[in-house]
Amino acid sequence: MKTLWVVVVLCLIGARIAPALDPHRGLTQYSRTVWTQEHGLPQDTIRAIAQTKDGYLWLGTDEGLARFDGYEFINFSKANGDLPSNSVTALAAASDGSLWIGTANGLAHYIDKKFHPYTTQDGLPDNSISQLYVDQSGTLWIVAGVSLSQLQNGRFTNFTSDKEIPITSVRTARVDRHGNLWAAGYSGVARREGGRFTTVVDAAVLHENFATSLLFDRHDNLWIGGSQGLIERLPDGKIRRFSTADGLPDVFVRSMLEDHDGNVWIGTNSGVARLEGERFKSFAEEGGRDRELVRCMFEDREGNLWIGSNSGLERFRDDVFTVYGRTEGLPSDEPNVVFQDSRGRVWVGFHDAGLMMLSADGNRIFATRDGLPNNEIFSIREAPDGDLLIGERAGMVRMHNGRFTTYVAPDPLAKLNVFDAIEDAAGTVWLATPGGLGAVRGKDFRIFIPGGPLLPAAMVTLGKGRDGAIWAGSYGRGLWRIKDGEKRQFTTADGLSSDQIRAIYQDPDGTLWIGTFGGGLDAMRDGKILKFTADDGLLSDNVADIADDGDSLWLSTTRGICRIAKRQLREFAEGKRRRLDPVNYGVEDGLRSAQCSPSYPTGSGGTRTTDGRIWFTTSRGLAVFDPKARQRVSLPPLVQVVDMTASGHEVDLAKPARLTPENERIQIRYTAVHLSAPEQVQYWYRLDGLDTDWVRAGNRRLINYNSLRHGTYRFRVRAQMPAGPPSEQSYSFELLPWFYETTWFRLLCAAVLAASAWAIYQLRLRQIRSRFALVLDERARLAREIHDTLAQGFVGISSQLDAVAMCMPDERSAARKYLDMARRMARHSLTEARRSVMDLRASMLEGQDLAAALESGTRVWTQGSGVDVDVAVTGPLHPLPEEFEQHLLRIAQEAVTNVLKHAGARNIRIKLHTEARKLYLRIVDNGHGFEQQDAFSPVGGHFGLIGMRERAERLGGELRLASHPGEGTEVEVTVPLPRSEKT
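Definitions and limits used
- Residues numbered from 1 in each chain as written.
- Predicted model: local features only at pLDDT ≥ 70, side-chain atom pairs only at ≥ 80, totals over all residues.
- Heavy atoms only, no water.
- Helix = DSSP H or I, 4+ residues; strand = E, 2+ residues; numbered from the N terminus.
- Rg over C-alpha atoms; globule rule 2.2 N^0.38 Å.
- Buried < 20%, exposed > 50% of the residue type's maximum accessible area, 1.4 Å probe, protein only.
- Areas by Shrake-Rupley, 256 points an atom, 1.4 Å probe, with all protein chains shown as cover.
- Lys, Arg positive; Asp, Glu negative; His and termini not counted.
- Charge placed at Lys NZ, Arg CZ, Asp CG, Glu CD.
- Pairing = 2+ DSSP bridges.
- Axes fitted to C-alpha atoms, helices over the stretch in contact; angles between N-to-C directions.
- Core = buried A, V, L, I, M, F, W, Y, C linked by side-chain atoms within 4.5 Å.
- Contact = heavy atoms within 4.5 Å.
- Phe/Tyr/Trp six-rings, centres within 6.5 Å; stacked < 30°, edge-to-face > 60°.
- Lys NZ or Arg CZ within 6 Å of the ring centre and 35° of its normal.
- Salt bridge = Lys/Arg side-chain N within 4 Å of Asp/Glu carboxyl O.
- Parallel < 35°, antiparallel > 145°, perpendicular 65-115°, else oblique.
- Left-handed = near helix turned anticlockwise from the far one by under 90°.
- Nonpolar A, V, L, I, M, F, W, Y, C, P; charged D, E, K, R; others polar.
- Expected span 1.5 Å × (residues − 1).
- Polar contact = N/O pair within 3.5 Å; in protein donor to acceptor, adjacent residues only side chain to side chain.

Caption draft 1: Region of the structure containing the overall build of the protein. When helices and strands are tallied, the protein shows nine helices and 70 strands. Since a compact globule built from 983 residues should have a radius of gyration of about 30 Å, the 55 Å found for the protein marks it as more spread out than a globular shape. Viewed in the frame of its principal axes, the protein has a C-alpha envelope of about 175 × 100 × 40 Å. Taking all 983 residues of the protein together, the buried fraction comes to 51%. Of the roughly 45,800 Å² of accessible surface on the protein, a fraction of 49% belongs to carbon and sulfur atoms. Put simply, the protein has 117 plus and 123 minus side-chain charges, and the middle of one group is 3 Å from the middle of the other.

Caption draft 2: Just the sheet that holds strand β39 (residues 429-433), in detail. The four strands lie next to each other as β38-β39-β40-β41, forming an open sheet whose pairing is antiparallel. Both outer strands of the open sheet, β38 (420-423) and β41 (444-450), are each paired with one neighbouring strand and no more. Within the sheet, the average angular offset between the axes of one strand and its neighbour, ignoring direction, is 20 degrees. Note that strand β40 (residues 436-441) and β41 share six bridges and pair antiparallel. The residue of β41 that forms the bridge with Gly 436 is Pro 450.

Caption draft 3: Structural view of the nonpolar core. In this structure, Leu 854, Leu 888, Leu 921 and Val 973 are the most contacted members of the largest nonpolar core, which totals 34 residues. Elements that contribute at least two residues to this core include exactly α7 (850-861), α8 (882-903), β67 (907-914), β68 (918-925), α9 (943-954), β69 (958-963) and β70 (969-976). A per-element tally of this core places α8 first, with nine residues. Each residue touching Leu 888, except ones within four places of it in the same chain, is listed here: Leu 850, Leu 919, Leu 921, Leu 955, Val 973 and Val 975. Counting residues in hydrophobic clusters, the runner-up holds 30 residues, among them Phe 68, Phe 73, Leu 91 and Ala 108.

Caption draft 4: Structural detail: the packing of aromatic side chains. Tallied over the full model, the rule gives 44 aromatic pairs. With centroids separated by 6.0 Å and ring planes inclined at 85 degrees, the aromatic side chains of Trp 744 and Phe 745 adopt a geometry described as edge-to-face. A relative accessible area of 21% places Phe 745 in the partly exposed class. Aromatic ring contacts, followed pair by pair, group Phe 321, Trp 554, Tyr 585, Phe 616 and Phe 625 into a single cluster. Over the ring of Phe 448 we find Lys 487; its NZ or CZ atom is 5.4 Å from the centre of that ring.

Caption draft 5: Up close: the pattern of salt bridges. Tallied over the entire structure, the rule returns 41 salt bridges. Linking Asp 484 and Lys 483 is a salt bridge whose minimum nitrogen-to-oxygen distance equals 3.2 Å. A relative accessible area of 67% places Asp 484 in the exposed class. You can call Lys 483 partly exposed: its relative accessible area is 23%. A salt bridge links Arg 577 to Glu 571; the shortest N-O distance between them is 3.4 Å. Here the salt bridges share partners, and the residues they tie into one network are Arg 686, Asp 688, Arg 714, Arg 716 and Glu 728.

Caption draft 6: Structural view of the packing of α7 against α8. One can describe the packing of α7 onto α8 by two numbers: an axis separation of 10 Å at closest approach and a directional angle of 25 degrees. The pairing of α7 with α8 is recorded here as roughly parallel in orientation. Between α7 and α8 the crossing geometry is right-handed. Facing α7, whose interface residues are Leu 850, Ala 853, Leu 854 and Trp 861, α8 presents Glu 885, Leu 888, Leu 889, Ala 892, Gln 893, Val 896 and Leu 900. Of the residues in the contact of α7 with α8, the class split is nine nonpolar, one polar and one charged.

Caption draft 7: Expanded view of the sheet that holds strand β26 (residues 294-299). On the basis of which strands lie adjacent, the open sheet formed by four strands has the order β1-β28-β27-β26 and antiparallel pairing. Edge positions in the sheet fall to β1 (31-35) and β26, since each has one partner strand and no second. The mean inter-strand angle of the sheet, taken between neighbouring strand axes irrespective of direction, is 20 degrees. In this sheet, strand β27 (residues 305-309) lies alongside β26 in antiparallel orientation, the contact comprising five bridges. Paired with Cys 296 across the bridge in β27 is Gly 308.

Caption draft 8: Region of the structure containing the pairing of strand β46 (residues 501-506). One ladder, built from five bridges, connects β46 with strand β47 (residues 512-516); its direction is antiparallel. When the sheet's bridge partners are listed, Gln 506 is paired in β47 with Leu 512. Once β46 ends, the chain turns through five residues before running back antiparallel as β47, passing Gly 510 with a positive phi of about 95 degrees.

Caption draft 9: Representation of the side chain of Ser 556. Residue position: Ser 556 is located in strand β51 (residues 552-557). The exposure class assigned to Ser 556 is buried, which follows from its relative accessible area of 2%. Filtering out sequence-adjacent residues up to four positions away, Ser 556 remains in contact with Asn 542, Val 543, Ala 544, Asp 545, Cys 596 and Phe 616.

Caption draft 10: How the structure looks around α7. The end-to-end C-alpha distance of α7 is 16 Å, a good match for the 16 Å that twelve residues give at a rise of 1.5 Å each. Buried residues belonging to α7 abut β66 (868-874), α8, β67 and β68.

Caption draft 11: Structural context of the side chain of Gln 340. For Gln 340, the location among the structural elements is in strand β30 (residues 335-340). A distance of 3.3 Å separates the side chain of Gln 340 from the backbone oxygen of Gly 344, its partner in a polar contact. A polar contact is formed between the side chain of Gln 340 and the backbone nitrogen of Thr 610, at a distance of 2.8 Å. When residues no more than four places from it in sequence are discounted, the contact partners of Gln 340 are Arg 345, Val 346, Thr 607, Thr 609 and Thr 610.

Rendered as structure tokens:
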């Protein structure tokens with residue numbers, strides 16, 4: 001029993017975080033996990049272990065090489081790995097991330113996912129490799145056959161036994177921290193100095209104990225493991241021997257290891273041992289199982305100890321909790337309750353082994369032989385006078401100075417169980433029994449809250465409020481409060497989440513916390529009840545016990561231990577948090593069982609002791625969390641993109657991939673190497689180019705993408721342990737487009753469309769020109785017809801009328817008056833006919849624009865008149881539609897003609913001006929002018945002005961006339977430019 005308490009006390013010694021197994025724990029208190037062929041190993045016999053920089057654990061077996069990421073094994077052999085032999089005998093990880101592999105038929109180097117073999121043809125002294133070692137400089141030392149070989153810069157240098165090395169047969173080699181090479185074998189141990197080997201430990205010292213392994217510890221002690229035990233050579237040359245008498249499980253030592261804390265571990269033919277002081281401690285000595293033939297040992301980057309034996313691979317791991325059971329000295333693996341009294345002693349009540357006291361002065365077990373009426377303990381409390389009140393199967397026991405007094409509550413059904421007992425300040429002892437809540441004062445007993453014959457009526461747990469009230473929880477009738485003789489019941493009708501109450505605890509701020517079965521955790525404060533359940537994020541709705549460390553509540557549940565910060569609970573209750581995020585613990589954290597309610601349906605459970613440790617009762621031992629003790633180092637997982645396939649074809653991850661468009665289905669497999677607890681690693685992934693945020697994957701390590709669009713992508717995966725630092729890995733690839741998605745194809749399509757549009761435009765232009773040519777031909781025909789018929793007819797009529805006028809000398813007669821009118825009408829009609837002929841022919845616009853037509857037209861129109869004409873063009877003049885130009889030209893022609901006929905002007909100024917959206921044509925003369933009243937009336941015969949206005953209106957514009965007698969005339973036409981002609 002002293003051993004158990006020593007271990008418990010040592011757990012309190014200063015906590016120094018380091019990646020190694022906690023040396024203060026017993027060997028059986030490490031979490032132990034075994035993998036065999038059943039789990040994917042190629043063979044159960046593990047001959048070598050190594051870890052590369054990417055975190056993978058490599059294992060050498062008789063049936064090939066295995067790579068382990070904590071989840072699964074990937075196996076390599078001659079068939080798929082180009083190994084010289086399937087019998088892998090030695091492994092060594094290099095600083096560049098590569099792996100050296102020794103086999104029974106040669107050496108191999110694994111780098112960049114390829115194996116490169118070496119044999120005697122490359123310079124090896126022998127193909128049978130028994131040991132590999134990489135020193136600080138990166139030099140590889142090889143024990144091949146009975147010789148030692150050095151591989152440096154791609155060249156082998158061989159040292160033959162008995163010649164270069166004074167050893168009959170070399171079996172092992174190591175380089176110490178000073179850079180000296182040591183070799184050992186059948187006839188001693190030699191050290192290389194100045195290029196030569198000298199004997200340091202001769203055969204006489206070994207005593208026919210041929211060396212199998214060497215180890216240099218941090219104190220420069222040399223450990224020599226051999227066939228007949230273990231030898232320690234101190235720096236001063238002194239020798240010390242160890243055998244089974246010193247705790248070794250077996251004298252045949254096959255492997256040795258010094259962990260990061262400086263502890264020396266020895267692997268023998270009958271298991272593992274660790275040096276503690278001057279003696280070795282083995283698993284068998286501590287009550288552990290198995291006595292395996294250990295061939296190799298390895299400590300990984302996280303501090304886990306890996307053992308390779310004939311029966312498989314084993315991992316020994318530090319855990320969050322230290323567990324105590326039979327192997328650690330407890331009388332049972334089934335504790336029901338833990339309690340610390342006012343003197344600091346820890347009391348443990350068991351399901352089947354009575355009561356145990358843990359004390360710095362010594363441990364002691366109390367059972368029926370010591371006066372207990374029964375060995376099943378339900379609860380332990382302390383009375384105000386220091387006595388212990390023990391609820392057990394045979395009643396309530398009061399322990400005073402080591403002596404027991406049993407009280408059995410009267411019950412007509414002979415139910416003797418007392419599930420809990422508590423004494424108030426007035427000296428009344430309250431008993432939680434199957435028959436209800438009883439009260440004992442002196443010799444007087446009465447049922448305060450009656451129960452019944454059925455289990456739901458039973459009272460199972462009690463609690464004391466800060467105001468002196470007694471709280472009682474029942475199996476199926478809710479919660480009761482008793483104060484000053486008054487009682488009040490709380491059930492689901494009052495807001496409780498369940499009527500099955502398992503734990504009651506009131507914290508220093510007055511909040512009453514209630515653990516229920518089926519309803520999670522309730523909190524009662526100021527008459528208000530708040531509920532927290534598994535749907536809100538708790539580990540389980542079955543809360544068997546509640547412990548408080550000040551900042552967080554620790555909930556014992558049927559699924560494990562749930563640690564939830566009080567701040568989170570407050571924020572959730574206030575609506576500031578949508579979900580609870582507790583830290584959950586299970587078997588992966590060191591619990592031997594996640595069942596933390598062994599005494600169902602009663603209450604009881606663990607406690608928090610004054611030293612800060614929290615004790616939990618489980619169905620397989622007593623679990624202890626010590627916040628002061630060294631906790632497991634939470635290194636970030638090493639994330640790896642394992643492989644990627646595109647439509648079933650593997651992608652080379654050594655370089656960015658360019659995938660053809662028919663690769664519609666892309667599958668990416670990733671992992672995060674965290675050998676301590678891979679099941680706790682959480683993953684997030686993101687495909688840049690598709691996802692806008694991280695996607696939570698949970699424990700899933702495979703993702704599929706279907707029908708991605710062409711483009712450049714970067715797959716990123718992030719892994720993180722709970723409350724630990726994250727790590728990330730990425731891989732970039734490009735998905736090429738189909739030919740019809742390429743830029744050149746789109747440009748080609750655009751060019752084809754442009755060419756097609758141009759061709760259509762040219763065809764349309766040709767059609768318009770053809771139609772226009774037909775129109776011109778028709779206009780010319782009409783002009784000829786008008787000229788040859790109508791115009792000639794008017795000429796004839798006019799001639800005849802002139803002849804008649806000559807025959808009528810009396811110019812005042814009425815007939816002569818009508819005759820002169822007919823003559824004027826004939827001349828006007830002739831003029832209009834000739835103008836129509838000119839309009840139809842439009843000779844001025846043929847081959848020139850409007851400005852040029854105005855220039856040439858005015859010269860023709862005013863030829864021989866003596867009138868000075870000036871034409872000015874301002875503003876940008878773009879090509880205009882032909883009809884547009886025809887109307888403007890005819891307006892100008894009519895205006896000039898009117899000036900010549902009626903104005904008697906000497907100067908005519910024509911100005912053509914264009915702006916962004918309008919065109920202005922202004923004709924100004926300095927003639928006689930006229931009264932413009934009724935200027936556009938058809939009664940006076942001013943058909944020219946009317947025609948000018950109509951032409952302007954057809955163009956969407958307007959005509960403005962300004963004239964006064966003796967002041968000349970100004971005609972201005974304003975028309976909007978066609979849309980395509982705007983500048």
